[in-house]
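# Descriptive analysis of the structure
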Amino acid sequence: MKNPNGYGTVVKLSGNRRKPYAVRKTIGFNKKGHPIYQPIGYTETREEGMEMLALYNHEPWNIDRDKVTLKMLYEKWKEVKSPTVNEGTRRSLQSAYKHCSKYYDVVYRKLRSFDMQDCIDNCGCQYSTQWAIKNLFGHLDRFAFEIDIINKMYSLITTAPPVPDTKKEPFTDDEIKTIYENKDDEWIETLLLYLFTGFRLNELLSMELTKIDLDAGFFNGGSKSKSGKDRFVPIHSYIQYIVEKRMKNNKKYLIEWEGKKLSKSQYYIFWNEMMEKLEMKHTPHECRHTFRTKLDSANANKKCIDLMMGHKSKDVGERTYTHKTFEELKEAIELIKFDFWV
């Protein structure tokens, strides 16, 4: 069915593009009688394009490139895009926006990476807020690029500080009990995955479902060193149900966000929210430290501990896995027990 006059169109562009459908309206004609198009945005499918066009016609936004300020763009992003992100991210980005007030009235397409970096570096907050500000400019840049306000996304070359080194403190048994009592939270589930696998943050975020063997009861993953790569870690009985559920519901990775691989920076945002909810102060790496501590306290076989942690030691030597080794690994990890666990 043809769209009404003046409604706009969705056309497929030539070439191999990630978003091949252009959403546009005719705003006039040149001297030769050819239409002059106002781009509204670009989408992956025609259906998405029609939705964008309908939204635009319901309440058009001003896309004059030279007039849209940071504040105007953020308000429109909040209206159009923020409903598509989860509640935790939305709160984090709203908080980050407050630290950008210096540039509210600056035309967005005139902002450069050093302006964004200024907001990050001088927000007066810790690394989690700095990462949230960087994340905010990433969202705004993608939206601005989509509606043809900018040609370059300067947020890509901004930086935020790494997680600071801190003295590693293992989770106490009381804290693990509190986590257990909140285990129905989908993100606290990921905390349990860390506590009972000993993987590093990037290792678990990169864990593909094809690397998990439910029948054998093992993860196969790891990175960083020869002894750490492609190591086998048994699936502890406490987290078996979490792994099964995620293998059934997820597309590719054990931990996903909106159907995609989760970045470390985004996970830290969720982590901080978890720590606030649980009233705790820990880093993700302290899950790995807790895993090692609990195995040591249970007098687990030293060779098995080093194999699961991906550490090179005299007990490991040349890493080989036999049927006996797999059985020993399972016995070792199940030594981690808690009286309150049902």
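As the structure is a computational prediction, the values presented were derived from the model and not from experiment.

Turning next to the overall build of the chain. From N to C terminus, the chain includes 13 helices and 8 strands. With respect to the three principal axes, the spread of C-alpha positions in the chain is 85 × 45 × 40 Å. Burial analysis of the chain (342 residues in total) assigns 46% to the buried set. Considering only residue pairs separated by 6 or more positions, the chain has 62% of its internal contacts joining residues 24 or more positions apart.

For the rest of this paragraph, the subject is the pattern of salt bridges. Considering all chains together, one arrives at 17 salt bridges under this definition. The partner of Lys-81 in a salt bridge is Glu-146, and the shortest N-O contact between them spans 3.1 Å. Highlighted residues: Lys-81 in the loop between helix H2 (70–80) and helix H3 (87–97) and Glu-146 in helix H5 (residues 127–146), separated in sequence by 65 residues. With relative accessibility at 24%, the residue Lys-81 sits in the partly exposed group. On the accessibility criterion, Glu-146 (9% relative accessible area) is buried.

This paragraph deals with the environment of Asp-213. Within the secondary structure, Asp-213 is located in strand E4 (residues 212–213). When near neighbours in sequence (up to four residues on either side) are disregarded, Asp-213 contacts Phe-218 and Ile-235. A distance of 3.1 Å separates a polar atom in the side chain of Asp-213 from the backbone nitrogen of Asp-215. A distance of 2.9 Å separates a polar side-chain atom of Asp-213 from the backbone nitrogen of Ala-216.

Taken in spatial order, the 3 strands line up as E1-E2-E3 in an open sheet, and their pairing is antiparallel. On the outer flanks of this sheet lie strand E1 (9–12) and strand E3 (35–43), each paired with one strand and no other. Across the sheet, the axes of successive neighbouring strands diverge by a mean angle of 40°, strand direction being ignored. Relative to E3, strand E2 (residues 21–29) runs antiparallel, the two being bridged by 8 bridges. Directly across from Phe-29, in E3, lies its bridge partner Pro-35.

With that settled, consider the packing of aromatic side chains. Two descriptors summarise a pair of aromatic rings, namely the distance from one centre to the other and the angle between the planes of the rings. On inspection of all chains with the given rule, the structure shows 24 aromatic pairs. When the ring of Tyr-321 is compared with that of Phe-326, the centres are 5.5 Å apart and the planes differ by 10°; the resulting orientation is stacked. Looking at Phe-326, the relative accessible area reads 22%, which means it is partly exposed. Taken together, Tyr-180, Phe-196, Tyr-238, Phe-338, Phe-340 and Trp-341 form an aromatic cluster joined through their ring pairs. The ring of Tyr-180 carries the charged tip of Lys-183 above its face, separated from the ring centre by 4.3 Å.

What follows covers the environment of Ile-179. In this structure, Ile-179 sits in helix H6 (residues 173–181). In this structure Ile-179 comes out as buried when scored by relative accessible area, which is 0%. Along the primary structure Ile-179 and Glu-44 are separated by 135 residues, whereas in three dimensions their C-alpha atoms are 40 Å apart. For Ile-179, the contacting residues outside a window of four places in its chain are Phe-171, Ile-188, Leu-191, Leu-192, Leu-195, Leu-278 and Met-280.

Here the focus is unusual backbone geometry. The backbone of Asp-148 sits at a positive phi, close to 70°, despite the residue not being glycine. With respect to the helices, strands and loops of the structure, Asp-148 is situated in the loop between H5 and H6. Classification of Asp-148 by relative accessible area gives partly exposed; the value is 24%. Its identity as a non-glycine residue notwithstanding, Asn-299 has a phi of 60°, on the positive side. Mapped onto the secondary structure, Asn-299 falls in the loop between helix H11 (285–297) and helix H12 (302–309).

Cut-offs applied
- Residues numbered from 1 in each chain as written.
- Predicted model: local features only at pLDDT ≥ 70, side-chain atom pairs only at ≥ 80, totals over all residues.
- Heavy atoms only, no water.
- Helix = DSSP H or I, 4+ residues; strand = E, 2+ residues; numbered from the N terminus.
- Buried < 20%, exposed > 50% of the residue type's maximum accessible area, 1.4 Å probe, protein only.
- Contact = heavy atoms within 4.5 Å.
- Salt bridge = Lys/Arg side-chain N within 4 Å of Asp/Glu carboxyl O.
- Polar contact = N/O pair within 3.5 Å; in protein donor to acceptor, adjacent residues only side chain to side chain.
- Pairing = 2+ DSSP bridges.
- Axes fitted to C-alpha atoms, helices over the stretch in contact; angles between N-to-C directions.
- Phe/Tyr/Trp six-rings, centres within 6.5 Å; stacked < 30°, edge-to-face > 60°.
- Lys NZ or Arg CZ within 6 Å of the ring centre and 35° of its normal.

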